[in-house]
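Here are the chains, one letter per residue:
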Amino acid sequence: MIAASTSRSPSLTLWEGRDAEQLGRWLREHPGVEVACRDGSLAYRRGITAGAPDAVQVSDRFHLWQGLSRRVKDIASIHRGCLPTALPPASDPEPAIVDETAENTAAATWAGRHARRVFEDVQALTRTGRSHSSVGRELGLNRRTVSKYARAGTWQEVMRRPPRKTSTLDPYLDYLQQR
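Residues numbered from 1 in each chain as written. Predicted model: local features only at pLDDT ≥ 70, side-chain atom pairs only at ≥ 80, totals over all residues. Heavy atoms only, no water.

### Let's talk about the overall build of the protein
Applicable threshold: Helical segments are the DSSP runs of H or I of at least four residues, strand segments are the runs of E of at least two, and each set is numbered from the N terminus. Burial classification: accessible surface area is computed with a 1.4 Å probe over protein chains only, and a residue below 20% of its type maximum counts as buried, one above 50% as exposed, and the rest as partly exposed. Any pair of residues with heavy atoms lying within 4.5 Å of one another is described as a contacting pair. We get accessible surface area from the Shrake-Rupley algorithm with a probe of 1.4 Å; when it comes to residues, only the shown protein chains can shield them.
Summing up its helical and strand segments, the protein has nine helices and three strands in all. Put simply, the protein runs from its N terminus to its C terminus through helices and strands in the order β-α-β-α-β-α-α-α-α-α-α-α. For the protein, the proportion of its 179 residues judged to be buried stands at 22%. Partitioning the contacts of the protein with sequence separation of at least 6, the portion at a separation of at least 24 is 43%. Only carbon and sulfur atoms are counted for the fraction: they give 55% of the accessible area of the protein, which is about 14000 Å².

Right, here's the structure in full:
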């Protein structure tokens, strides 16, 4: 596809096909083309050069990005061995600090209380050496859920999402929900 623009009457024409001879012929029949936007096709380049040699050939946005990303990929693959030396040395990650206010907020919710209760029950039963399947049958949980609670170090790890932080709107929530 090609877009052509002329100075005397600005217009845009889209060209279909990839025949360089037909494109060159069409451009000669429509003189005054100053700019031709094209992809990287050799056929388009030859046709524009033959039909409008003074026209500026530009690449469209898609093909500019495509060419740039291809070039970056090539350069990265050539210098793949250099990349690890460019990285900063890995340091020991700092232990995660548990936010006590978030912990207290989670403990105050129904989900937090439930997670803590199930966690304590699963931990107590698995410490006795029982299988996850038997613990699941006794507590009415899936074996995978029991495994998740058994692997966890704290009850907060099994919470599906972090607890909601307090908001300045909290005192007005009842009123807002009524509205």
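### Focus on the side chain of R38
Convention followed: Side-chain atoms alone can form a polar contact between residues adjacent in sequence; in general such a contact is a pair of N or O atoms within 3.5 Å, and within protein one must be able to donate a hydrogen while the other accepts it.
The residue R38 is located in strand 2 (residues 33-38) in this model. A distance of 2.6 Å separates polar atoms of two side chains, one belonging to R38 and the other to Q57.

### Details of the pattern of salt bridges
Formally: One speaks of a salt bridge when a side-chain nitrogen belonging to Lys or Arg is within 4 Å of a carboxyl oxygen belonging to Asp or Glu.
Counted by the stated rule, this structure contains two salt bridges. The partner of R116 in a salt bridge is E120, with the nearest N and O atoms 3.8 Å apart. In this pair, R116 and E120 both sit in helix 6 (residues 110-127), four residues apart, roughly one turn of the helix. Take R116: its relative accessible area is 35%, and that puts it in the partly exposed class.

### Digging into the packing of helix 1 (residues 20-29) against helix 2 (residues 42-51)
The criterion, for reference: Axis definition: a line fit to C-alpha positions, over the contact stretch in the case of helices; interaxial angles, taken between N-to-C directions, run 0 to 180 degrees. Angular relationships are summarised with four words: roughly parallel below 35 degrees, roughly antiparallel beyond 145, roughly perpendicular across 65 to 115, and oblique for the angles in between. We call a crossing left-handed when the near helix sits turned anticlockwise from the far one by less than a right angle, and right-handed when that turn is clockwise. For this classification, Asp, Glu, Lys and Arg are treated as charged, while Ala, Val, Leu, Ile, Met, Phe, Trp, Tyr, Cys and Pro are nonpolar and the rest, including Gly, are polar.
Two numbers describe how helix 1 lies on helix 2: the axes approach to 7 Å, and their chain directions differ by 30°. Between helix 1 and helix 2, the crossing angle belongs to the class labelled roughly parallel. By crossing handedness, the relation of helix 1 to helix 2 is classed as right-handed. Contacts between helix 1 and helix 2 involve A20, L23, G24, L27 and R28 on the former and, on the latter, A43, Y44, R46, G47, I48, A50 and G51. For the contact of helix 1 with helix 2, the per-class residue count stands at seven nonpolar, three polar and two charged.

### Focus: the pairing of strand 3 (residues 56-59)
Quick reminder of the rule: A pair of strands is considered paired only if DSSP assigns at least 2 bridges between the two.
Where strand 2 meets strand 3, four bridges bridge the pair, whose relative direction is parallel. The partner of R38 across the bridge, within strand 3, is S59.

### Description of the packing of helix 6 against helix 8 (residues 143-151)
For the pair helix 6 and helix 8, the least separation of the axes is 9 Å and the interaxial angle reads 85°. By the angle between their directions, the pair helix 6 and helix 8 is classed as roughly perpendicular. Contact residues: A115, V118, F119, V122, Q123 and T126 in helix 6; V146, Y149 and A150 in helix 8. Considering only residue class, the contact of helix 6 with helix 8 consists of seven nonpolar, two polar and no charged.

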